[in-house]
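Structural overview for review
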Amino acid sequence: MAIQHKNITPLLEFVKIDRFYVVCHFKCKVTNKTVISTVPFEPYDGKIEISWQDMLLRPIESYNRYYHTPITIYNHDCQDTVVLKAFEKVSKYFEWNENFGSYVYIEKKGLEFEQKVS
């Protein structure tokens, strides 16, 4: 099953946003296991072009344009959101289950750094 917001939203238990990171807690309702994913807080994923003239003549506007461009944490219409990036990092711990109609936590053996909370 494709990773989409409608499939991931039921797993999302908690999101913490700070200056440098976005931490998402994904909890499986079937096994009651939580997997934590941390992604860097990126102000904008695209390219913002600021000329040297803008930086020299309008430094405050240039700063605001670069550092205050909004990011998308969650949006049904957008497929490039922080929640989707976070889930993609931990998707190896989940498998789509047709019976439950959702992603279910699966235990993988042999993984050294498994970030999970019971």
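Residues numbered from 1 in each chain as written. Predicted model: local features only at pLDDT ≥ 70, side-chain atom pairs only at ≥ 80, totals over all residues. Heavy atoms only, no water.

**Some points on the overall build of the protein chain**
Rule in force here: Under the DSSP-based scheme used, a helix requires at least four consecutive residues in state H or I and a strand at least two consecutive residues in state E, with every element numbered from the N terminus. Throughout, exposure labels follow a simple rule: accessible area from a 1.4 Å probe, protein chains only, divided by the maximum for the residue type, with under 20% read as buried, over 50% as exposed, and the rest as partly exposed. Using a 1.4 Å probe, the Shrake-Rupley method yields the accessible areas, and only the shown protein chains count as cover for residues.
Counting its regular elements, the protein chain contains 4 helices and 6 strands. Beginning at the N terminus, the succession of helices and strands in the protein chain can be written as α-β-β-β-α-α-α-β-β-β. Out of the 118 residues belonging to the protein chain, those deemed buried represent 27%. As displayed, the protein chain offers around 8,300 Å² of accessible surface, 53% of which is attributable to carbon and sulfur atoms.

**Points about the pattern of salt bridges**
It is possible for side chains of opposite charge to pair when their charged atoms get near one another. Rules: Salt bridge, as used here, is a side-chain nitrogen of Lys or Arg placed within 4 Å of a carboxyl oxygen of Asp or Glu.
Within the structure shown, the criterion is met by 1 salt bridge. With a closest N to O distance of 3.8 Å, K27 and E13 form a salt bridge. With K27 in strand β2 (residues 21-27) and E13 in strand β1 (residues 12-17), this pair connects stretches of sequence that are 14 residues apart.

**Examining the nonpolar core**
Inside soluble globular proteins, nonpolar side chains tend to come together where they are buried. This is how it is decided: Residues belong to a common nonpolar core when they are buried Ala, Val, Leu, Ile, Met, Phe, Trp, Tyr or Cys residues joined through side-chain atoms within 4.5 Å. Contacts are assigned to residue pairs with any non-hydrogen atoms lying within 4.5 Å of each other.
Grouped together as the largest cluster of nonpolar side chains are 20 residues, with contacts concentrated most on F26, F87, V90 and F94. At the level of elements, β2, β3 (34-40), α4 (82-90), β4 (94-97) and β5 (102-105) are the ones that each hand at least two residues to this core. Residues contacting F94, with those up to four places away along its chain left out, are L11, F26, C28, V35, F87, Y103, V104, Y105 and I106.

**Thoughts on the side chain of S37**
For clarity, the threshold we go by: N or O atoms within 3.5 Å of each other form a polar contact, as long as, within protein, one can give a hydrogen and the other can take it, and as long as residues adjacent in sequence are counted only when both atoms are side-chain atoms.
Looking at where S37 falls in the secondary structure, it is placed in strand β3. The buried category is assigned to S37, whose relative accessible area is 1%. Engagement of the side chain of S37 in a polar contact is seen with the backbone oxygen of A86, the distance being 2.7 Å. With sequence-adjacent residues up to four places away left out, S37 is seen in contact with V22, V23, C24, F26, A86, K89 and V90.

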